Amino acid sequence: MQKVYIQRFASFIPTEAMPKPDVSFVPMLTRRRLSNLSRMVVYTSDKISKDENGNPLPPCKITFASQYGEITQQLKIAEILIDTGKVSPAHFSSSVFNTPVANATILEKNTAGYSAVYGGKNAFSDGLTDCLAAMEIESAEDRCFVFAEELIPETYAPIAGVPYPNVVCAMALRLTRDESKADKKYKDFDLNLALQNLKFLKGNFNTASEEALAFINTILLQ
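Quick notes on the rules
- Residues numbered from 1 in each chain as written.
- Predicted model: local features only at pLDDT ≥ 70, side-chain atom pairs only at ≥ 80, totals over all residues.
- Heavy atoms only, no water.
- Salt bridge = Lys/Arg side-chain N within 4 Å of Asp/Glu carboxyl O.
- Helix = DSSP H or I, 4+ residues; strand = E, 2+ residues; numbered from the N terminus.
- Buried < 20%, exposed > 50% of the residue type's maximum accessible area, 1.4 Å probe, protein only.
- Pairing = 2+ DSSP bridges.
- Patch = residues over 30% accessible without salt bridge, like charges linked within 9 Å, V, L, I, M, F, W, Y side chains within 5 Å.
- Areas by Shrake-Rupley, 256 points an atom, 1.4 Å probe, with all protein chains shown as cover.
- Core = buried A, V, L, I, M, F, W, Y, C linked by side-chain atoms within 4.5 Å.
- Contact = heavy atoms within 4.5 Å.

This part is about the pattern of salt bridges. Summed over the entire model, instances satisfying the criterion amount to 7 salt bridges. Between Glu 138 and Lys 61 there is a salt bridge, with the nearest N and O atoms lying 3.8 Å from each other. You can see Glu 138 sitting in the loop between α6 (123–137) and β4 (142–149) and its partner Lys 61 sitting in the loop between α2 (36–48) and β2 (62–65), a full 77 residues away along the chain. Looking at Lys 61, the relative accessible area reads 35%, which means it is partly exposed. Residue Lys 181 is joined to Glu 141 by a salt bridge in which the shortest nitrogen-to-oxygen separation is 2.4 Å. Of this pair, Lys 181 sits in the loop between β5 (169–176) and α8 (191–200) while Glu 141 sits in the loop between α6 and β4, and the two are 40 residues apart along the sequence. A single network of salt bridges, built from pairs that share partners, joins Glu 141, Asp 142, Arg 174 and Lys 181.

Laid out in structure tokens, this is it:
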């Protein structure tokens, strides 16, 4: 397998000082419609769509992964359906699994295409595996991987089967097979080894976002 390098990396982990990412660069009308999950994806994806000087990089395909997707939006639809017996097309379109990555590609004018991977609690490692596999068989030398997970609505906490509150985080990687494009900070980072370690330790993770956070910390410690 050809070595894959990290060209750009971005992450978001909410804190008391910054509970939500700053997406002020998004037009107001669009920004108002973004869910928390979409905000995190748009924020991290925007970071890796530009070089260190803020210049746009050529668009490339994206693999998006999440365990629960737009679960808060889905709950809102369920509540409205119970109350009114109707579902508005606008609400439905903002609740589908690929909504976050679709928002990001629209804002970035990225028409290269994307795939959305749902792998349950293994969504992070499955998504990254999908991304690396695609790079192995496709001619394009660059591809992005984006993962995000928002807070599960408290209504679902008793039946979610995972600790509540769950880990909330987002991460985006722009990967390349071209060593000359690699970020010097992460040039020696072995993606395949890190992925193998995650799979070996998967029994220690309750959710895909715990897996993602472990991966984020591994990169940040480089």
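Counting buried residues along β5, 8 of its 8 residues qualify, which places the element largely inside the surrounding structure. Burial along β5 is two-sided: the residues Cys 169, Met 171, Leu 173 and Leu 175 and Ala 170, Ala 172, Arg 174 and Thr 176 are all buried. The sheet contact formed by β4 and β5 spans 8 bridges and is antiparallel. Looking at β5, one finds that Asp 142 is bridged to Thr 176.

Our next topic: unusual backbone geometry. Backbone torsion omega between Tyr 164 and Pro 165 reads 0 degrees, so that peptide bond is classified as cis. Mapped onto the elements, Pro 165 comes out in the loop between α7 (157–160) and β5. Positive phi, normally seen in glycine, also occurs at Lys 109, with a value near 55 degrees. Checked against the element boundaries, Lys 109 lands in the loop between α5 (99–108) and β3 (114–117).

Residues Leu 81, Val 87 and Phe 92 make up a contiguous nonpolar surface patch of roughly 260 Å² in combined accessible area. Its place among the elements puts Phe 92 in helix α4 (residues 89–93). Residue classification places Phe 92 among the partly exposed positions, given a relative accessible area of 47%.

Judged by nonpolar contacts, the single largest core of 29 residues is most densely connected at Phe 124, Leu 173, Leu 175 and Phe 215. Of all the elements in the fold, those that place two or more residues in this core are β1 (5–12), α6, β4, β5, α8 and α9 (208–220). Apart from residues no more than four positions distant in its own chain, Phe 124 is found in contact with Phe 145, Phe 147, Met 171, Leu 198, Ala 208, Glu 211, Ala 212 and Phe 215. Met 40, Tyr 43, Ala 104 and Val 168 belong to the second-largest nonpolar core, a separate cluster that totals 22 residues.

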